[in-house]
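Architecture at a glance
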Amino acid sequence: MRLPKAGLASGLIAYAIVSSGVAGRAYSQILEEVIVRVDLRSLPGEDVQSVFGFDRSILETPRSISTISEEMIERFNMRDIDELVAVAPGSFTQSFFGVAGSLDVRGTPGEVYFRGVRRLDNPGNYPTPIGASNRIDVVRGPASPIYGPAKIGGYLNFAPKSARIEATGQFISETTGAASVTTGSWDKSVVSAEIGGPGRLGDRDFGYYLYGEMEHSGSYYDNSGTDQDLLQTSFDMDVSDSVRLQFGGMWHDFSGNQIAGWNRLSQDLVDRGLYVTGAAKPLDADGDGRISHQEYDPDGDGFSDVNPFYDSGDLAPGGALTPGADVTLEELEALVGDLSALSLLNPGIAAIEGHDVLVAPEDLLTNDVTTLYFDIIVATDNEWEWKNQLFYEGYDNRNENAYGFSQFHESFVVEDKLVISKTFPTDAMTVSLQISPSFRFTDFEHGDDYTNEHFDRRDLTGASSPLDARLLATRIDDDYTEYYIGDYGNWGFAFMGDFFWDNGVNLLAGVRYDAIDMQSRQPVDKLLFASANNFCAPPGGCEAARAEDDVDGVSWTLSLSYESDTGLIPYLTASEQSTMILGQGAEVTVGNILGGGAFDQSKLVEAGLKGSLLDDDLYFAVSVYRQERTDFSAQAIVTNQATETEGTEFETRWSVNEKLLLTLGYSRIEVINLNTERQGYRFSFIGCDDLPAIPCHALYGGTLGANVSAGQSRARRAGMPEDIFSVTGTYDFGNGLTISGSVIDVDAVPSGFSNSVVLPAYTLVNLALGYEADNWMFSLTAKNLTGERYFRANFPNLFGGSIVLPELPRHYGAHLQYRF
């Protein structure tokens, strides 16, 4: 960690904010229609049900959690979930080909929930929108048993905008709304509108809220842009004095593309922008402008001349390559055969910019997702509450990249969860109980096409051409690497108890049982060939074209905390959580079912201390944790790897006065790949710097794969910085003017598993100015104010030695809003 540099940058921002001291009060037109101080609902005053389901604030919750309010999102001009790292420690996220679908939480892929129900998997299918949210909760560690099987790292829960005031349970008193326009660098163009209010149907009250957003924007990156439409609705109605309905939904239509970033990666490229040029040798035999799989492999033996595999035989376990080994081209060819097909024609060196990326004009990423919910809440005469949540989500996704990757998903999920709850006050303690049966059904159809995926054949100093563009499976509906059709149903039953003694001792315990039946099949006629990737065997046949299984497991959680008179709350939590091993389209593979790797358990041990001091104006939380998966071999390499994570997180939020709010965050994290640690190696694409004795241009006409020794990395997950420090501040002058800033300091980190290329440390500075007058609000934002040159790793364990994403340079935005 490089605190001096971060401290200097943050100190400058803090000085600019504090030294501007003009008396006044901060006003925020939120739905509660009350004056809100500059704390922007950042302090733990309201109940958050997204962790254990009970009415507890984040201060009282014995887990590491951060909440980000609508006001914070607006004040700091956050536009996607990757920016939440400034106010949510432990949420730094590696690039998923430039698409902010979900966060990496505690160094592993997280999940996304909507109103406490898990959505379909979205590692990078589309950017998760945040503009329609009243609040976002970032929960670190596996979900409570009440929510069912989940990943180990953590999750985001989105609470949508609503006409019912969360703090009081009442409807807003009159119609309110807003219309806004956002513009900025690279033709940014977003228009949004929202309206909400009360109503009456007969003699019964109801509330409604509608939010719509349209975007048509360009991009810093070549051949890239975003078109998307979003519509979100929520309705809340009192049917009777004891029955309430909540229903609504969200429709999101996205069109854009993934961004692999720079190819032909080397340390010289990262440090100095020096790029190896040269043309790959032509393979498009029929001249149709696309290289088919058959043209990559004309003899049909399943092996391409431009995709050799390194194998040192008995020299290392798994024939693994030691990164940086002094292996000459002649020695390499003695191991893998003739490599002349990989050499570039007319190689040279050129300087490239961050916008010169591996995107072709016809690349696309489209996703149409529909989310619906319908809740019935019944309060009985004996003070039991019966809450039934019905949830549906379905998406249709298509992803095409000219360099040789395509994919589609057509999946949907239906979940029905009943939660029966009651609170029992006694003389010495208060007991809150929840009983929850549930059923969740998921149907999927998913195809992947990544055989002959070659990043380096494209020369970024020129356009995509028949030298690199491949005929994609989604264009011809054939020749997929993997293709799965199936479904799974999950019956669950959970019990949670919250026991709070009057002396401040609190015990929270829960247990859940899940029974899951799953089936998956492969349409063999659509597969390119039988391989280990699709679990078909022997070559030319597919004996394992179908699989089904029934699995079950028990999840539990146990937390002990103490609420002292000083405002300090120490806690200890232990948890074991079931998890389904799913892919990018919510699919379960035939191979994982047959191998017993479709279902597993995760364990968490966490200790922490929380506090609310200075008349509840200062909140802090610190936690240390260890979490791991119990079966190292049960994993999905892209979305749910078997890992062990240890770390520390610290967060503080201080409302200094009615004008100044400061926040501070710090995380230290180490993620170990368990299967890699056990085997001593893992498969990865080989980059130029992994074999320094071989000229780069001798390898860039194809892809060299290898099992890479874990010795240099010690099996650590690449691309995840060990230390991250953040500070934010916002000051309200009291005359309508506000100033806000954030600083994020990130450690240097290896780009790939081999550790051959290191991405430099960086400090990111953002600054925003806002002005409110009557019903108008205007803001100007500068992000990466100092023009820092920085990068994020892209699929580091697999592709980290081959590609990297250069991040955005200094850029600006303007936002104009009218409220009524």
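Cut-offs used in this document
- Residues numbered from 1 in each chain as written.
- Predicted model: local features only at pLDDT ≥ 70, side-chain atom pairs only at ≥ 80, totals over all residues.
- Heavy atoms only, no water.
- Helix = DSSP H or I, 4+ residues; strand = E, 2+ residues; numbered from the N terminus.
- Rg over C-alpha atoms; globule rule 2.2 N^0.38 Å.
- Buried < 20%, exposed > 50% of the residue type's maximum accessible area, 1.4 Å probe, protein only.
- Contact = heavy atoms within 4.5 Å.
- Areas by Shrake-Rupley, 256 points an atom, 1.4 Å probe, with all protein chains shown as cover.
- Lys, Arg positive; Asp, Glu negative; His and termini not counted.
- Charge placed at Lys NZ, Arg CZ, Asp CG, Glu CD.
- Disulfide = S-S within 2.5 Å.
- Pairing = 2+ DSSP bridges.
- Salt bridge = Lys/Arg side-chain N within 4 Å of Asp/Glu carboxyl O.
- Polar contact = N/O pair within 3.5 Å; in protein donor to acceptor, adjacent residues only side chain to side chain.
- pLDDT = per-residue confidence, 0-100.
- Phe/Tyr/Trp six-rings, centres within 6.5 Å; stacked < 30°, edge-to-face > 60°.
- Lys NZ or Arg CZ within 6 Å of the ring centre and 35° of its normal.
- Patch = residues over 30% accessible without salt bridge, like charges linked within 9 Å, V, L, I, M, F, W, Y side chains within 5 Å.
- Core = buried A, V, L, I, M, F, W, Y, C linked by side-chain atoms within 4.5 Å.

**Topic: the overall build of the chain**
Assigned secondary structure in the chain consists of nine helices and 38 strands. Computed over C-alpha atoms, the radius of gyration of the chain comes to 27 Å, within 12% of the 28 Å expected from 2.2 N^0.38 for 820 residues, which places it in the range of a compact globule. Counting every position in the chain, which comprises 820 residues, the buried fraction comes to 60%. Intrachain contacts of the chain at a sequence separation of at least 6 include 72% that bridge at least 24 residues. Roughly 30200 Å² of accessible area belongs to the chain as shown, and the carbon and sulfur atoms make up 57% of that amount. Taking the 56 positively charged and 117 negatively charged side chains of the chain as two groups, their mean positions are separated by 4 Å.

**Overview of the state of the cysteines**
Counted under the stated rule, the structure contains one disulfide. Shown here is the disulfide that connects Cys688 with Cys696, its sulfur atoms set 1.7 Å apart. Residues Cys688 and Cys696 are joined by a disulfide whose S-S torsion is about -55 degrees; by sign, that bridge is left-handed. Comparing Cys688 with Cys696 shows no difference in burial state: the two are buried.

**A short note on the sheet that holds strand 5 (residues 117–118)**
Two pairing modes exist for strands in a sheet, parallel and antiparallel, and in both the strands are linked by backbone hydrogen bonds. Spatially, the five strands line up as an open sheet ordered 1-6-7-4-5, and their pairing is mixed. The sheet terminates laterally at strand 1 (65–69) and strand 5, the two strands that pair on one side only. Bridging between strand 4 (residues 111–114) and strand 5 involves two bridges; their strand directions are antiparallel. In the sheet register, Phe114 faces strand 5, and the bridge partner there is Val117.

**Observations regarding the pairing of strand 1**
The buried count for strand 1 comes to five of five residues, which makes it a mostly enclosed element. By the alternation rule, side chains of strand 1 split into Ile65, Thr67 and Ser69 and Ser66 and Ile68, which are all buried. As defined by bridge partners, strand 1 adjoins strand 6 (residues 133–140) across five bridges and the pair is classed as antiparallel. Bridging across to strand 6, Ser69 finds its partner in Arg135.

**Focus on the pattern of salt bridges**
What the rule picks out here adds up to 37 salt bridges. Here the salt bridges share partners, and the residues they tie into one network are Arg106, Arg140, Glu606, Glu649, Glu651 and Arg653.

**Examining the side chain of Lys526**
Secondary-structure assignment places Lys526 in the loop between strand 21 (505–521) and strand 22 (546–562). A polar contact is formed between the side chain of Lys526 and the side chain of Asp477, at a distance of 2.8 Å. Sequence-distant contacts of Lys526, defined by excluding residues within four places in its chain, comprise Asp477, Asp478, Asp479, Tyr480 and Tyr483.

**Digging into the confidence of the model for the chain**
Looking at the chain, the pLDDT average stands at 88 and 91% of residues meet or exceed 70. A low-confidence stretch, residues 1–37 (pLDDT under 50), is modelled with 78 contacts involving residues beyond four sequence positions or located in other chains. Counting interchain partners and residues more than four positions distant, the pLDDT-below-50 stretch residues 631–636 has 23 contacts.

**Considerations on the pairing of strand 10 (residues 204–217)**
Inspection of the sheet shows strand 9 (residues 188–201) paired to strand 10 by twelve bridges, in the antiparallel sense. Residue pairing across strands places Leu201 opposite Arg204, the latter belonging to strand 10. Taking the residues between adjacent antiparallel strands as the criterion, strand 9 and strand 10 are bridged by two residues, where Gly202 takes a positive phi near 70 degrees. Sheet topology places strand 10 next to strand 11 (residues 226–238); twelve bridges connect them, and they run antiparallel. By the bridge assignment for strand 11, Gly207 is matched with Asp236.

**Description of the environment of Asp268**
Looking at the element boundaries, Asp268 is found in helix 3 (residues 267–272). Overall, Asp268 belongs to the partly exposed group, its relative accessible area being 38%. Measuring from C-alpha to C-alpha, the distance between Asp268 and Asp297 comes to 33 Å, with 29 residues separating the pair along the chain. Contacts of Asp268, omitting those with residues within four sequence positions, involve Gly273 and Leu274.

**Concerning the sheet that holds strand 28 (residues 681–685)**
An order of 14-29-28 is seen for the three strands of this open sheet, with the pairing classed as mixed. Here the strands that pair on one side only, and so sit at the sheet edges, are strand 14 (309–310) and strand 28. Examined bridge by bridge, strand 14 and strand 29 (residues 705–709) share two bridges and lie parallel to one another. Each bridged residue has a counterpart across the sheet, and for Tyr310 the counterpart in strand 29 is Ala706.

**Regarding the environment of Val765**
Looking at the secondary structure, you find Val765 in strand 34 (residues 762–773). On the accessibility criterion, Val765 (8% relative accessible area) is buried.

**Examining the packing of aromatic side chains**
If you walk through the whole model with that rule in mind, you get 30 aromatic pairs. When the centroid spacing of 5.0 Å and the interplanar angle of 90 degrees are considered together, the rings of Tyr480 and Tyr483 count as edge-to-face. For the pair shown, Tyr480 and Tyr483 are each scored as buried. For the pair Phe685 and Phe799, a centre-to-centre distance of 4.9 Å together with 65 degrees between the ring planes defines the contact as edge-to-face. Remark: Phe799 occurs in helix 9 (residues 796–799) and Phe685 occurs in strand 28; sequence separation between them is 114 residues. Here Phe799 falls in the buried class, since its relative accessible area comes to 5%. Positioned above the aromatic ring of Tyr625 is the side chain of Arg106, whose terminal nitrogen or guanidinium carbon lies 3.7 Å from the ring centre. Taking NZ or CZ as reference, Arg115 lies 3.9 Å from the ring centre of Tyr373, over its face.

**Focus: a nonpolar patch on the surface**
Together, Ile195, Leu210, Leu769, Trp776, Phe778, Leu780, Leu816, Tyr818 and Phe820 make up a nonpolar patch on the protein surface, roughly 780 Å² of accessible area in all. Broken down by secondary-structure element, the contributors of at least two residues to the nonpolar patch are strand 35 (776–783) and strand 38 (811–819). With three residues, the top contributor of residues to the nonpolar patch is strand 35. For Trp776, the location among the structural elements is in strand 35. Residue class for Trp776 comes out partly exposed when judged on its relative accessible area of 46%.

**Some words on the environment of His454**
Among the structural elements, His454 can be located in the loop between strand 19 (429–449) and helix 6 (473–476). His454 sits 369 residues away from Val85 along the chain, and the two C-alpha atoms are 32 Å apart. Dropping the residues within four chain positions of it, His454 is found in contact with Tyr296, Val306, Asn307, Tyr403, Gly702 and Thr703.

**Here we look at the nonpolar core**
Core analysis: the largest hydrophobic core is formed by 51 residues, its most contacted members being Ile68, Leu84, Tyr488 and Met518. Per element, the largest residue contribution to this core is three residues, and it comes from strand 16 (residues 364–379). Aside from chain neighbours lying at most four places away, what touches Met518 is Asp487, Tyr488, Ala547, Glu548, Asp549, Val551, Met580, Val588, Ile593 and Ala598. Among the nonpolar cores identified, the runner-up in size contains 24 residues, and Tyr275, Leu358, Phe685 and Ile803 belong to it.

**Some remarks on unusual backbone geometry**
The phi dihedral of Asn77 falls on the positive side, at around 55 degrees, and the residue is not glycine. Along the chain, Asn77 turns up in the loop between helix 2 (70–75) and strand 2 (104–105). A positive phi angle, close to 55 degrees, is found at Arg106, a residue other than glycine. Tracing the sequence through the fold places Arg106 in the loop between strand 2 and strand 3 (108–109).

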